[in-house]
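Chains, contacts and geometry: an overview
Spelled out from the first residue to the last, the chains are:
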Amino acid sequence: MPDVVTKPSKVAQWGNSAAVRLAAATLETAHFRLEDPVDVIARDGEIVIRKQRPRVTMAELLARFDPEKHRHSLQFDVEPAGTETQ
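Residues numbered from 1 in each chain as written. Predicted model: local features only at pLDDT ≥ 70, side-chain atom pairs only at ≥ 80, totals over all residues. Heavy atoms only, no water.

1. Notes on the overall build of the protein chain
- Broken down by element type, the protein chain carries three helices and four strands.
- When its helices and strands are written in sequence order, the protein chain yields β-β-α-β-β-α-α.
- Expressed as a percentage of its 86 residues, the buried residues of the protein chain come to 2%.
- Here the analysis covers contacts within the protein chain between residues at least 6 apart in sequence; of these, 13% occur between residues at least 24 apart.
- When the accessible surface of the protein chain is split by element, carbon and sulfur atoms take 54% of a total near 8700 Å². (Helix = DSSP H or I, 4+ residues; strand = E, 2+ residues; numbered from the N terminus. Buried < 20%, exposed > 50% of the residue type's maximum accessible area, 1.4 Å probe, protein only. Contact = heavy atoms within 4.5 Å. Areas by Shrake-Rupley, 256 points an atom, 1.4 Å probe, with all protein chains shown as cover.)

What follows is the structure, given as structure tokens:
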């Protein structure tokens, strides 16, 4: 999808923080909704705002596993050793 540039805005004071007002059309183009969780990434000369990707737990992944579809059974040959069990 190509970049869409909307009308200019500016950084404004919001309490002890800063804010940028986003037009409804900007949110719609980016498929954002109010209250969507976002990541804010600061780079040299730019700030990127992107939707957070949903975090998937190992239990959720295992619940989706279908041995027929994947042609593999779930057999672990070693004990879990790190954060893969969380």
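2. A short note on the pairing of strand 4 (residues 46-51)
- Across six bridges, strand 3 (residues 38-43) lies against strand 4 in antiparallel orientation. Residue pairing for strand 4: aspartate 39 is matched across the bridge by arginine 50.
- Counting the residues between successive antiparallel strands, the hairpin from strand 3 to strand 4 contains two residues, one of them, glycine 45, with a positive phi of roughly 85°. (Pairing = 2+ DSSP bridges.)

3. Some remarks on a nonpolar patch on the surface
- There is a patch of nonpolar side chains on the surface, built from Val11, Val20, Leu22, Val38, Val40, Ile47 and Ile49 and spanning about 640 Å² of accessible area.
- Looking at the element boundaries, valine 11 is found in the segment before strand 1 (12-14). (Patch = residues over 30% accessible without salt bridge, like charges linked within 9 Å, V, L, I, M, F, W, Y side chains within 5 Å. Salt bridge = Lys/Arg side-chain N within 4 Å of Asp/Glu carboxyl O.)

4. Re the environment of serine 9
- Mapped onto the elements, serine 9 comes out in the segment before strand 1.
- The partly exposed category is assigned to serine 9, whose relative accessible area is 47%.
- Along the backbone, serine 9 and arginine 21 are twelve residues apart, and their C-alpha atoms lie at a distance of 6.9 Å.
- What serine 9 contacts, discounting residues up to four positions off in sequence, is Val20 and Arg21.

5. Quick word on unusual backbone geometry
- Located in the positive-phi region is histidine 31, a residue other than glycine, with phi close to 60°.
- Within the fold, histidine 31 resides in the loop between helix 1 (24-29) and strand 3.
- Residue class for histidine 31 comes out exposed when judged on its relative accessible area of 54%.
- Unlike most non-glycine residues, glutamate 35 shows phi in positive territory, near 75°.

6. Overview of the confidence of the model for the protein chain
- The predicted model of the protein chain averages 84 in pLDDT, with 86% of residues at 70 or higher.
- The weakest mean pLDDT in the protein chain belongs to helix 3 (residues 67-70) at 75; the strongest belongs to strand 3 at 96. (pLDDT = per-residue confidence, 0-100.)

7. Points about the environment of aspartate 36
- Its place among the elements puts aspartate 36 in the loop between helix 1 and strand 3.
- The spatial distance from the C-alpha of aspartate 36 to the C-alpha of glutamine 52 is 8.1 Å, given a sequence separation of 16 residues.
- Among all residues touching aspartate 36, those that are not within four sequence positions of it are His31 and Lys51.
- At 2.6 Å, the side chain of aspartate 36 and the backbone nitrogen of arginine 33 are in polar contact. (Polar contact = N/O pair within 3.5 Å; in protein donor to acceptor, adjacent residues only side chain to side chain.)

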